[in-house]
Amino acid sequence: MASVNRSVVAHNTPAVPAISVNDLHKRYGTVEVLKGIDFRAHDGEVVSILGASGSGKSTFLRCLNLLELPSAGRLQIFGEKVNLRPSGSNLRIGDRNQVDRLRTQVAMVFQNFCLWSHMTVLENLMEAPVHVQRRSRGQVRDEAEAMLKRVGLIDRAKAYPAQLSGGQQQRAAIARALVMKPRVLLFDEPTSALDPELVGEVLKVMRDLAAEGRTMLIVTHEMAFARDVSSRIVFLEQGRINAEGLPQELFRGGVSERFDQFIARFNQG
Amino acid sequence: MTPGMFDLLGFGPQGWGLPLLQAAGITISAALCGFLLGSVFGIGGATLKLARSPVLRLIGQAYTTIFRGVPEILVVYLFYFGGSVVLTTLLNTGGFPGFYSLPSFVMGVFAVGIVSGAYQAEVYRSAYLRLDRGQIEAGASCGMSKFLLLRRIIGPQTLRFALPALGNIWQSALKETSLLSVIGLTELLRQAGTAAGSTRQPLLFYAVAAAMFLVIGRMTGAVLGRMENHLAKPWRR
Ligand SMILES: Nc1ncnc2c1ncn2[C@@H]1O[C@H](COP(=O)(O)OP(=O)(O)OP(=O)(O)O)[C@@H](O)[C@H]1O
Ligand SMILES: [Mg+2]
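Residues numbered from 1 in each chain as written. Chains lettered and ligands numbered in written order. Predicted model: local features only at pLDDT ≥ 70, side-chain atom pairs only at ≥ 80, totals over all residues. Heavy atoms only, no water.

S.K.: Describe the pairing of strand E10 (residues 184-188) of chain A, and please don't skip the residues or the numbers.
M.R.: Residues and elements named next belong to chain A. For E10, the buried fraction is high: five of the five residues fall into the buried class. Inspection of the sheet shows strand E9 (residues 106-109) paired to E10 by four bridges, in the parallel sense. Looking at the pairing, Val109 lines up with Phe187 of E10. Summarising the sheet, E10 and strand E11 (residues 216-219) pair through four bridges and their orientation is parallel. By the bridge assignment for E11, Leu186 is matched with Leu217. As for the winding sense of the linkage, the β-α-β connection from E10 through helix H6 (residues 196-211) to E11 is right-handed. (Buried < 20%, exposed > 50% of the residue type's maximum accessible area, 1.4 Å probe, protein only. Helix = DSSP H or I, 4+ residues; strand = E, 2+ residues; numbered from the N terminus. Pairing = 2+ DSSP bridges. Right-handed = clockwise from strand over helix to strand, strands pointing away.)

Below you can see the structure in the form of structure tokens.
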């Protein structure tokens, strides 16, 4: 903890953090990828997670949705402790139903969109609300259509993912996450698989979401976006949080040498 | 006066039309039941072959190797006569003397199914391996249970990738039912043989049987082709 470079001294902490992580570790075999992460995200925060390739950003994000199981540590989502049981030198899921329930609250948007290719865009959006959340089909359809309007894809509702551009697929994937009415949105490099000319349309949707006060955790290499949109930056280095703070302060430089090097290297291209 | 070709194939007193049609019905039912039973064995076999446990993988491997390697007619004999011997022994020791044989349709379907399943296992396995792991993860990340994932995502997509090869296996199963003539099932080949013997017109009746196999194969193939087309549609740009 002492080694974390913090630019913010204190913030007014609301009662229950949306996500709270204590001393999170993740090992693959003998390799420790996450080496003790302490992290909190509050309602309405937009946190960008930056770091070099291999620093553990994806692994960390995936632990929050339990796509990866931490090897050690504690995880609370809206104050609810995730039930993880020790199993050998790792943890395993203690309560399957709890995990499935929490997952609809902490929705994930993937680098490769991962829309279901055998379903139309509208079916993709309706799938989890109808089959996981068991909401009424008619109501879900209305909400899904409204969401598609919002991301500018209503005219593609009956298309299949293969018939969409990458940017359209990612907007559909974001809409798919939104119709579950999650309380937190996780993004893992949502624009990295896109052609440069398609990045803007996805970032625009994300900017709008941030502006309406959504709680978002975003792993990204879009530095300008991270600087402009985030309420906080977390800089991971080799499985640890090396620096954390307001974007304007971190980007001004001088908070963390490693972060400054990272940005310098980044700006060189 | 000897009856003409149309009399022999017709539905009159000297005609073999009705028996042949009934036999075709038996052929289709045996093939269909065998193939469907085969998909149960096939999905089971594929699951074993994909299992994490080496022992289970070995069992799956043994199943597909054995039943693809042994001549099918031997499998038919083994099931039919082997099954009858087991049944007879059981009943004899239970105080019921005599020889008992199993219904040839049931045992035949079983034999076709277990062989077809060995081929289908390989098809389902490779179809499963073609799935996009990301899409399965996306399902899990939405809170889908294992069962829901299987039903809504893994199942439909595996079927779509498996269907072209399953079509070929269906055609084999259809033809293999002719082997069931050796255990006394009155399917198309056996009925044609009976007619050929009693009318001394083997060429005519075997040619008719061949034509009927072809027609059944082509018709069912067309249905499968349409299904394949339908399921592949979402993947087309
Ligand atoms: N399933 C796995 N098995 C073994 N090692 C893994 C596995 N997944 C990730 N790793 C390792 O963990 C480390 C962190 O990976 P991670 O994907 O979290 O990095 P990242 O910060 O997201 O990188 P990138 O910017 O390239 O996406 C890497 O060294 C990677 O090789
Ligand atoms: Mg990554």
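Okay, back to it.
S.K.: Please provide a residue-by-residue account of the pairing of strand E5 (residues 72-77) of chain A, values included.
M.R.: Residue and element names in this part refer to chain A. Sheet topology note: the strand E2 (residues 19-28)/E5 ladder contains five bridges and is antiparallel. For Ser20, the partnering residue across the bridge sits in E5 and is Gln76. With two bridges joining them, E5 and strand E6 (residues 80-81) adopt antiparallel strand pairing. Looking at E6, one finds that Gln76 is bridged to Lys81. Hairpin connection from E5 to E6: two residues lie between these consecutive antiparallel strands, with Phe78 at a positive phi of about 50°.

S.K.: Just give me the short version of the nonpolar core, but keep the residues and values in it.
M.R.: Ile19(A), Phe39(A), Phe60(A) and Leu217(A) are the most contacted members of the largest nonpolar core, which has 140 residues in total. At twelve residues, helix H7 (residues 146-176) of chain B tops the list of elements feeding residues into this core. What Phe60(A) contacts, discounting residues up to four positions off in sequence, is Val21(A), Leu24(A), Leu34(A), Ile37(A), Phe39(A), Ile49(A) and Leu236(A). Ala226(A), Phe235(A), Leu250(A) and Phe262(A) belong to the second largest nonpolar core, which has eleven residues in total. (Core = buried A, V, L, I, M, F, W, Y, C linked by side-chain atoms within 4.5 Å. Contact = heavy atoms within 4.5 Å.)

S.K.: Report on the packing of aromatic side chains, specifying residues and quantitative values.
M.R.: Applying the stated rule across the entire model yields 15 aromatic pairs over all chains. Each ring, one from Phe235(A) and one from Phe262(A), has its centre 5.1 Å from the other, and the planes form 45°; the classification is tilted. On the criterion of sequence distance, the pair formed by Phe235(A) in strand E12 (residues 232-237) and Phe262(A) in helix H9 (residues 257-268) is long-range, its members being 27 residues apart. Comparing Phe235(A) with Phe262(A) shows no difference in burial state: the two are buried. Here Trp16(B) and Phe205(B) contribute two aromatic rings whose centre-to-centre distance is 6.2 Å and whose plane-to-plane angle is 75°, an arrangement assigned as edge-to-face. Linking Trp16(B) in the loop between helix H1 (5-9) and helix H2 (17-49) with Phe205(B) in helix H9 (residues 202-232), this pair joins segments that are 189 residues apart in sequence. Side by side, Trp16(B) and Phe205(B) carry an identical accessibility label, which is buried. (Phe/Tyr/Trp six-rings, centres within 6.5 Å; stacked < 30°, edge-to-face > 60°.)

S.K.: Break down the site of ligand 1 for me, citing the residues and quoting the values.
M.R.: Residues and elements named next belong to chain A. Taken together, Tyr28, Val33, Ala52, Ser53, Gly54, Ser55, Gly56, Lys57, Ser58, Thr59, Glu189 and His221 form the complete shell of residues around ligand 1. In the model, an oxygen atom of ligand 1 is placed 2.5 Å from a nitrogen or oxygen of the Ser53 side chain. In the environment of ligand 1, an oxygen atom lies 2.8 Å from a nitrogen or oxygen atom belonging to the backbone of Gly54. Within the complex, 56% of the 630 Å² of free accessible area of ligand 1 lies under protein. By residue number, the principal contributor to the shell around ligand 1 is helix H1 (residues 57-64), which donates three residues. In terms of residue class, the shell around ligand 1 is made up of three nonpolar, seven polar and two charged. (Near = heavy atom within 4 Å. Polar contact = N/O pair within 3.5 Å; in protein donor to acceptor, adjacent residues only side chain to side chain. Areas by Shrake-Rupley, 256 points an atom, 1.4 Å probe, with all protein chains shown as cover. Nonpolar A, V, L, I, M, F, W, Y, C, P; charged D, E, K, R; others polar.)

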